[in-house]
Amino acid sequence: MRLRFLPPSPIKTSLFHLLFPPNSLRTNSVNSPRLFSTRRSSLPRMAIPPKLISSSSSSIATSAPGNSLECLASKLWIKFRRESIFAMYTPFVVCLAAGNLKIETFRNYISQDLHFLKAFAHAYELAEECADDDDAKIAITELRKRVLEELKMHNSFAQEWGTIDLSKEGPINSATVKYKDFLLATASGKVEGVKGPGKLATPFERTKVAAYTLGAITPCMRLYAFLAKELQALVDSEDGSHPYKKWIDNYSSDGFQASALQTEDLLDKLSVSLTGEELDIIEKLYHQAMKLEIEFFNVQPLSQPAVVPLTKEHNPVEDRLVIFSDFDLTCTIVDSSAILAEIAIITAPKSDQAQPGNQIARMSSADLRNTWGLLSGQYTEEYEQCIESILPPEKVEFNYEVLCKALEQLSDFESKANARVIESGVLKGLNLEDIKRAGERLIFQDGCTSFFQKIVKNENLNANVHVLSYCWCADLIRSAFSSGGLDALNIHANEFSFEVSFSTGDIIKKVESPIDKVQAFNNILENYGTDRKNLTVYIGDSVGDLLCLLQADIGIVIGSSSSLRRVGSQFGVSFLPLFPGLVKKQKEYIKESSSNWNGQSGILYTVSSWAEIHAFILGW
C-alpha cells in the first residue's frame, strides 16, 4: 500500500471545473484531459512521492553541461538524455568499459572514427567561414585545432599497432557514411528551409548555418565527454592493465571536457538571435546527431558475446522472456489509491445534497475527506512501526527464506489495513466509468509504455508481460494501459465489487501483500510449464516488491525508496547500479560463453529511468 492514505488537498474550483465541465451531461464523470501528473494533479505533494535519482546512475539523469538551465545546449542535452543512455548501453561501449573489447573491434572503430573526425574538422572549417563574429571565428578555429589533435591521438594508436595508415584498413561503413553526409550537408547549408552557401546573401543568413552546424556537432562532443566520465569512474586509476585506458583518459580529460563546454557555449551564442522556428531546426539536428551516434556505436562489429542487449541471445523457439512489473510509482507518477481517493471525494455528495434512491448510499465529501485523513495517519504510523519491528538489530547475511518470514508480518499488516478501508465505506459508490476515464488520463513514467509497446509488437520475441499490483481496482490499471494500446498485458491486482456500475465498497482481494505477490509470481511461471527455458525480469520500487525482485533472475529497482533499501540492506541484499553491474558481468564473460542470471542471488540492480531498462533489455 506504501503510504497510500494521504488525504487529498481541498478541491479548488478550477480543478472541479476541469473534472466536471459545465457542459458535461453527467454529474459524476471524470472528463478532464490527462490530469494525473506531478505538475497538474490536484493531489497533495506528499501523495506523490518524488522519484529520486538513484545513486546508481545519477549522472545519467542529472548530468547537464553548463551552470544555467536556460542555455540551449543544456536544454537539448537534458531533453535527449534518453539517447545518451542508449549509447552507453550499446555492446561496444559496455565491452570497452569492461576492457575485454577485442582489439580488432577497437581498431575497426578507430578506423571509422578517423573518417568521421576528418569530416568533423571540415564542418568546423565551413562553420568558421559562415560565422560573422570575430570571437566566434576564433572559437571555431580553436575547436578545429583540437579535432586535429584528436586525429593525432588516433594515429598514435595506429603506431602502437605498427599500422602505417589505419584509415585504409577497411572500407567506410554505412553508419559512418550517413553520419559524415549529415554533418557535411548541414555545414554546407543543405538544411531544409535554408539556402545553400552560395546563395546566402546576408551575414545573418550565414550565421544561421554556423549555428546549425554547431547544433549537429555539439551532441557528439557532449556525448563523448559524458561517456568517458562514466567509464572513467569504473576504471581503477592505478590499474594500468585496462587496454583502453588511454582512450578513456583522453575523453575524460579536463581538456576535452573544456572543449565540449566551449562548443556548447558557442552554440548558445550563435543561437541567441534565432527565431523559434530556427531553434526547432537546431533541435532536430541535435536529435538526429544523437541517433546517428547510437547507430555508429551499434554497427561496430563484435565477434564476442556481450551482456547487452539481454534479448540478443534470446531464441524464441527455446527461450521465454517473462517481464514482471509493479504498477504504482513503478509505471506511474501517482499512486492509484490517491487517484481513487480523489475520485471518491470529488464525486461524493455534499452534506446537504440528496442522494439518488437507485444508487449506493455514500458518505458526504466532507466526511469522506476526514475519514481518508484518519486512515492515512493510522496507516503511516503503523507502517513505520511494522518496518521497524521486522528489521534485525544488525545486518545479516542474505537468506531468502529468512526475509520471507520477516515480510509475513508486513503482509498481515497490509491485509488489516485493507480491511479497515473496506469497513470504513470510503470506496462505496465509485462509478466504473469514472475509474476507467481516470485510468485513461493517467500519466506514466517517461519511457514505460514505449518499452512495453516494443515488447508486445515484436513478433520475433517470445515474451510475456505481467503486472503485479496492490492496486484496489484492476479496472484502473487495464484502462491506463489500454489507452496506450497495451491490452495484451496480463494484469494481476485486486478488483472492486460492483452493483451495476457502482462499487459496493468491497475489495475482491487477490494481491495485497509481498507474500501474495511472490505467490502470484511463482504460479504464473508454473503455468508456463517446462517447454521452454524461462528468463525472468522483475521491475519494482518498494518493499512490497522485494521478494519478487529477489526471486526473479534479474531484479531491477527503479527510483530510490528509502524503506526498500533499508529493509533490503539489513537483510543482506546488495543494490548495484545497473550499468556498472553490466560492466562487471561483461568482465566475467569467457570466450564463447553466455551470461548466467540467477534468482535469489541477493543482488538487485538499480536504475533511475525506464530508458535504462529499455536499453538493457531491448537495445536501441
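Just so you know, these numbers come straight off a predicted model, no measurement behind them.

Details of the overall build of the chain
- A count of helices and strands for the chain gives 23 helices and 10 strands.
- Taken over 620 residues, the chain has a buried fraction of 57%.
- Within the chain, contacts between residues at least 6 apart in sequence are counted, and of these 79% link residues at least 24 apart.
- Working note: accessible area of the chain is about 26200 Å², and carbon and sulfur atoms make up 50% of it.

Digging into the confidence of the model for the chain
- Per-residue pLDDT for the chain has a mean of 86; in total, 82% of the residues score no lower than 70.
- Confidence drops under pLDDT 50 across residues 2–69; counting only partners more than four residues distant or on other chains, this segment forms 173 contacts.

Brief notes about the sheet that holds strand S5 (residues 495–499)
- Taken in spatial order, the 3 strands line up as S2-S6-S5 in an open sheet, and their pairing is antiparallel. At either margin of the open sheet sits one strand with a lone partner, and together these are strand S2 (428–431) and S5. Taken over all neighbouring pairs, the strand axes of this sheet differ in orientation by 55° on average, direction set aside.
- The sheet contact formed by S5 and strand S6 (residues 502–508) spans 4 bridges and is antiparallel. What sits directly across from Phe498, in S6, is Ser503.

Brief notes about the pattern of salt bridges
- The final tally for this structure, using the stated rule, is 22 salt bridges.
- Across the salt bridge formed by Glu588 and Lys584, the nearest N and O atoms sit 3.0 Å from each other.
- Look at Glu588 and you get partly exposed, because its relative accessible area is 47%.

Some points on the nonpolar core
- Counting residues in hydrophobic clusters, the biggest one holds 153 residues, and the most contacted among them are Trp247, Phe452, Phe481 and Phe616.
- Membership of the second largest hydrophobic core comes to 39 residues, among which are Leu525, Val573, Phe575 and Leu604.

What to know about the packing of helix H4 (residues 81–88) against helix H12 (residues 276–298)
- Put simply, H4 and H12 touch, their axes get as near as 9 Å, and they point 10° apart. Classified by the interaxial angle, the pair formed by H4 and H12 is roughly parallel. Counted together, Glu83, Ser84, Phe86 and Ala87 of H4 and His287, Met290, Ile294 and Phe297 of H12 form the full contact between these two elements.
- In the contact of H4 with H12, the residues fall into 5 nonpolar, 2 polar and 1 charged.

Thoughts on the packing of aromatic side chains
- As enumerated under the stated definition, the model contains 35 aromatic pairs in all.
- Summarising the aromatic geometry, the rings of Phe80 and Tyr286 are spaced 6.1 Å apart at their centres and angled 25° between planes, so their arrangement reads as stacked. Of this pair, Phe80 sits in the loop between helix H3 (72–79) and H4 while Tyr286 is found in helix H12, placing the two residues 206 residues apart along the sequence. Each of the two residues, Phe80 as well as Tyr286, counts as buried.
- When the ring of Tyr224 is compared with that of Trp247, the centres are 6.1 Å apart and the planes differ by 55°; the resulting orientation is tilted. On the criterion of sequence distance, the pair formed by Tyr224 in helix H9 (residues 203–232) and Trp247 in helix H10 (residues 245–252) is long-range, its members being 23 residues apart.
- In this structure Tyr224 comes out as buried when scored by relative accessible area, which is 5%.
- Residue Trp247 is classed as buried on the basis of its relative accessible area, which comes to 3%.
- Sitting above the plane of the Phe575 ring, Arg565 keeps its charged end 5.3 Å from the centroid.

Comments concerning the sheet that holds strand S8 (residues 554–558)
- Reading across the sheet, the 7 strands line up as S4-S3-S1-S7-S8-S10-S9 and stay open at both edges, with parallel pairing between neighbours. The open sheet has two edge strands with one neighbour each: strand S4 (490–492) and strand S9 (574–577). Within the sheet, the average angular offset between the axes of one strand and its neighbour, ignoring direction, is 25°.
- On top of the sheet, helix H21 (residues 562–570) reaches S8, S9 and strand S10 (603–607); it is set at about 125° to S9, its chief contact.

Topic: unusual backbone geometry
- Looking along the chain, the bond that leaves Val308 and enters Pro309 is cis, with omega of -15°.
- Examined against the element boundaries, Pro309 turns out to sit in the loop between H12 and strand S1 (319–325).
- Positive phi, normally seen in glycine, also occurs at Leu329, with a value near 65°.
- For Val500, which is not a glycine, the phi torsion comes out positive at approximately 60°.

Here's the deal with the packing of helix H8 (residues 174–187) against H12
- Where H8 contacts H12, the two axes come as close as 9 Å, and the packing angle between them is 160°. The angle between the axes of H8 and H12 places the two elements in the roughly antiparallel class. Crossing geometry of H8 relative to H12 is assigned as left-handed. Contacts between H8 and H12 involve Ala175, Thr176, Lys178, Tyr179, Phe182 and Thr186 from the former and Leu285, Gln288, Ala289, Leu292, Glu293, Glu295 and Phe296 from the latter.
- When its residues are assigned to classes, the contact of H8 with H12 shows 7 nonpolar, 3 polar and 3 charged.

Quick look at the environment of Pro580
- Structurally, the position occupied by Pro580 is in helix H22 (residues 578–587).
- Residue classification places Pro580 among the partly exposed residues on the basis of a relative accessible area of 23%.

Some details on the side chain of Glu293
- Position of Glu293 among the secondary structure elements: in helix H12.
- In this view, Glu293 contacts Tyr179, Cys220, Leu223 and Tyr224; residues no more than four positions away in its chain are not counted.

Digging into the environment of Pro577
- Of note, Pro577 is situated in strand S9.
- On the basis of relative accessible area, Pro577 is assigned to the buried category, the value being 17%.

Quick word on the pairing of strand S7 (residues 533–540)
- With 7 bridges connecting them, S1 and S7 associate as parallel partners. Residue pairing for S7: Ile323 is matched across the bridge by Val537.
- Here S7 pairs with S8 via 4 bridges, running parallel. Residue pairing for S8: Val537 is matched across the bridge by Ile554.
- For the segment spanning S7, helix H20 (residues 546–551) and S8, crossover handedness is right-handed.

About the cut-offs
Residues numbered from 1 in each chain as written. Predicted model: local features only at pLDDT ≥ 70, side-chain atom pairs only at ≥ 80, totals over all residues. Heavy atoms only, no water. Helix = DSSP H or I, 4+ residues; strand = E, 2+ residues; numbered from the N terminus. Buried < 20%, exposed > 50% of the residue type's maximum accessible area, 1.4 Å probe, protein only. Contact = heavy atoms within 4.5 Å. Areas by Shrake-Rupley, 256 points an atom, 1.4 Å probe, with all protein chains shown as cover. pLDDT = per-residue confidence, 0-100. Pairing = 2+ DSSP bridges. Axes fitted to C-alpha atoms, helices over the stretch in contact; angles between N-to-C directions. Salt bridge = Lys/Arg side-chain N within 4 Å of Asp/Glu carboxyl O. Core = buried A, V, L, I, M, F, W, Y, C linked by side-chain atoms within 4.5 Å. Parallel < 35°, antiparallel > 145°, perpendicular 65-115°, else oblique. Nonpolar A, V, L, I, M, F, W, Y, C, P; charged D, E, K, R; others polar. Phe/Tyr/Trp six-rings, centres within 6.5 Å; stacked < 30°, edge-to-face > 60°. Lys NZ or Arg CZ within 6 Å of the ring centre and 35° of its normal. Left-handed = near helix turned anticlockwise from the far one by under 90°. Right-handed = clockwise from strand over helix to strand, strands pointing away.

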